[in-house]
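The lines below spell out each chain.
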Amino acid sequence: MKTMGIVFSNIHDRELGELAAKRTLASVPFGGRYRLIDFPLSNMVNSGISKVGIITKSNYQSLMDHVGSGKHWDLSRKNGGLMILPPFGEEMNGLYNSRFEALKNITHFLKRSEEAYVVMSDCDCICNADFADIVRRHVEHNADITVVYRNKDIRPDKERTVLDIDKDGRVTKVSVSNKMSGVKSVYTNICVMNRLFLLNILENSAELGYKSFSKDVLGKGCKNYHICAYEYKGYFASIDSMANYFKHSLELLDKQKRDSLFNSDGANIYTKVRDSAPCRLEDTSIVQNSLIADGCVIEGTVINSILFRGVKVAKGAVVKDSIVFQESEIAQNSRLNCVIADKQVRILENRELSGHATHPYYIAKNVVI
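Residues numbered from 1 in each chain as written. Predicted model: local features only at pLDDT ≥ 70, side-chain atom pairs only at ≥ 80, totals over all residues. Heavy atoms only, no water.

Visitor: Tell me about the packing of aromatic side chains, and please be specific about residues and values.
Guide: For the structure on display, the rule yields 8 aromatic pairs. Between Phe-30 and Phe-39, the aromatic rings sit 5.8 Å apart at their centres with planes inclined by 85°, giving edge-to-face as the arrangement. The burial state of Phe-30 is the same as that of Phe-39; both residues are buried. Seen from the ring of Tyr-34, Arg-33 lies directly overhead, with NZ or CZ sitting 5.3 Å from the centre. One cation-aromatic arrangement involves Arg-99 over Phe-8; the distance from NZ or CZ to the ring centre is 5.1 Å. (Phe/Tyr/Trp six-rings, centres within 6.5 Å; stacked < 30°, edge-to-face > 60°. Buried < 20%, exposed > 50% of the residue type's maximum accessible area, 1.4 Å probe, protein only. Lys NZ or Arg CZ within 6 Å of the ring centre and 35° of its normal.)

In structure tokens:
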């Protein structure tokens with residue numbers, strides 16, 4: 001079953017505020033050495049998908065630097081491979097404003113492809129999923145669209161796409177609202193479609209009156225299309241706010257959740273390889289329940305935290321419940337609590353910075369405090 005992949009790199013940029021102000025969401029660091037784009041790319045490669053298009057919008061230079069030719073995901077190929085799809089297409093003269101407009105912009109790319117099926121995923125879907133199994137279910141049920149969902153206890157705090165599913169696994173209703181609560185079948189923004197079926201919808205969108213993927217293609221399409229549901233039961237995190245980024249990052253300190261994500265039936269998560277020295281822990285260091293990347297030098301105390309490559313924590317400094325990005329430095333006797341420090345931040349001596357688990361204190365890239 002020849003299948004291609006589409007990854008949306010910018011759909012939820014606004015929700016992450018400062019963290020995605022100068023970089024696309026797909027290139028946001030996660031888990032000590034990864035970027036968000038690594039997870040959908042790895043899932044697709046592990047599922048046998050060798051042609052992947054990444055839809056870009058703005059601030060995607062760091063994304064291009066990270067993915068390069070795609071060789072770290074075995075996507076550097078003469079046929080297929082990794083393709084960066086620019087934000088402007090034949091259908092529109094300006095930047096897209098929605099998922100559906102983004103798809104219309106790549107109509108020509110879809111036409112030139114030969115694969116029978118398309119797997120589409122947001123870049124902020126943190127999971128280790130077998131997309132090949134989802135495609136098999138899609139084919140077995142002769143579906144037009146197969147949507148991936150998970151059962152989740154939700155609160156009326158943000159807009160979500162919720163599915164009503166019958167006993168045969170067919171979607172009978174799609175609701176998009178920010179007023180629902182309780183345990184619901186929540187759409188994960190991962191789906192499978194027949195490529196020609198998707199093209200037909202995009203080319204006839206004006207006649208159909210379609211402007212939104214969730215509200216129109218899925219919502220209105222329930223009555224006309226065969227939409228099947230696939231429940232994902234493994235670890236899943238959606239990075240749709242700064243608080244959720246902080247929460248789900250520190251969840252990786254739980255070995256059971258970490259193993260569920262990174263050691264799922266031998267399916268690895270790949271990233272750009274960097275050659276650097278191992279982490280060095282000095283005699284004065286204290287490290288408890290933390291993820292420390294290579295190249296770090298720890299002389300102080302690190303508790304329940306995630307440190308990316310090349311971070312330096314000086315003697316007497318304390319980093320607790322925090323996330324420190326690449327090549328940042330924490331000087332002597334400074335204390336961080338519930339802080340997200342971006343790349344190459346310098347915290348001078350005797351500073352004390354604190355946020356809260358629901359509202360972490362963010363320090364922008366290259367800032368000196």
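Now that the structure is up, let's keep going.
Visitor: How would you explain unusual backbone geometry if you had to name every residue and give the values?
Guide: Phi at Cys-338 is positive, roughly 55°, even though this residue is not glycine. Mapped onto the elements of the fold, Cys-338 is located in the loop between strand 24 (335-337) and strand 25 (339-341). When its relative accessible area of 8% is taken as the criterion, Cys-338 is described as buried. For Asn-366, which is not glycine, the phi dihedral falls at a positive 70°. Mapping Asn-366 onto the fold places it in the segment after strand 28 (361-363). (Helix = DSSP H or I, 4+ residues; strand = E, 2+ residues; numbered from the N terminus.)

Visitor: Would you mind going over the sheet that holds strand 27 (residues 352-354) in detail, with residue names and values included?
Guide: Spatially, 15-18-21-24-27 is the arrangement adopted by the 5 strands of the open sheet, whose pairing is parallel. Both edges of this open sheet fall to strand 15 (286-288) and strand 27, since each of them pairs with a single strand only. Each strand of the sheet is rotated relative to its neighbour by a mean of 5°, with strand direction disregarded. Relative to strand 18 (residues 301-303), strand 15 is paired through 3 bridges, and the arrangement is parallel. Among the inter-strand pairings, Ile-286 is bridged to a residue of strand 18, identified as Thr-301. (Pairing = 2+ DSSP bridges. Axes fitted to C-alpha atoms, helices over the stretch in contact; angles between N-to-C directions.)

Visitor: Summarise the pattern of salt bridges; cite the residues concerned and give the values.
Guide: When charged atoms on two side chains of opposite charge get close, those side chains can pair. Applying the stated criterion across every chain, the model contains 14 salt bridges. A salt bridge links Asp-342 to Arg-23; its shortest N-O distance comes to 2.8 Å. Here the residue Asp-342 occupies a position in the loop between strand 25 and strand 26 (346-347), and Arg-23 occupies one in the loop between strand 1 (3-8) and strand 2 (29-30), the gap between them amounting to 319 residues. A relative accessible area of 9% means that Arg-23 is categorised as buried. (Salt bridge = Lys/Arg side-chain N within 4 Å of Asp/Glu carboxyl O.)

Visitor: Can you explain the sheet that holds strand 16 (residues 291-292)? Please cite residues and give values.
Guide: Hydrogen bonds between backbone atoms are what pair the strands of a sheet, whose relative direction is either parallel or antiparallel. In spatial order, the strands read 16-19-22-25-28; together these 5 strands make up an open sheet with parallel pairing. Where the open sheet ends on each side, the last strands, each with one partner, are strand 16 and strand 28. Here strand 19 (residues 306-307) pairs with strand 22 (residues 323-324) via 2 bridges, running parallel. Residue pairing across strands places Leu-307 opposite Val-324, the latter belonging to strand 22.

Visitor: With reference to specific residues and values, describe the layout of surface pockets.
Guide: Estimates place the volume of the largest pocket at around 1,000 Å³. Ile-11, His-12, Glu-15, Arg-99 and Asn-189 are, among the 34 residues lining the largest pocket, the residues nearest its centre. Top element by residues in the lining of the largest pocket is strand 11 (residues 182-194). It accounts for 4 residues. Here the residues of the lining of the largest pocket sort into 9 nonpolar, 11 polar and 14 charged. Volume-wise, the second largest pocket comes out at about 380 Å³. The wall of the second largest pocket is formed by 19 residues, among which Lys-22, Arg-23, Asp-342, Lys-343 and Lys-365 lie closest to the centre. Ranked by the residues each element gives to the lining of the second largest pocket, the list is headed by helix 2 (residues 61-67), at 3 residues. Split by residue class, the lining of the second largest pocket holds 4 nonpolar, 5 polar and 10 charged. (1 Å grid on protein atoms, 1.4 Å probe; cavity = no way out; pocket = protein on both sides within 12 Å on 5 of 7 lines; lining within 4 Å. Points joined across faces, edges and corners; volume = space filled by probe spheres on them. Nonpolar A, V, L, I, M, F, W, Y, C, P; charged D, E, K, R; others polar.)

Visitor: I'd like a description of helix 5 (residues 131-140), backed by residues and values.
Guide: What helix 5 keeps buried is the set Phe-131, Ile-134, Val-135 and His-138. All buried residues of helix 5 fall inside an arc of 100° around its axis, so they share one side. Residues of helix 5 that are buried sit in contact with strand 1, helix 1 (38-46), strand 6 (117-122), strand 8 (145-154), strand 11 and strand 12 (227-231). (Arc of directions from axis to C-beta. Contact = heavy atoms within 4.5 Å.)

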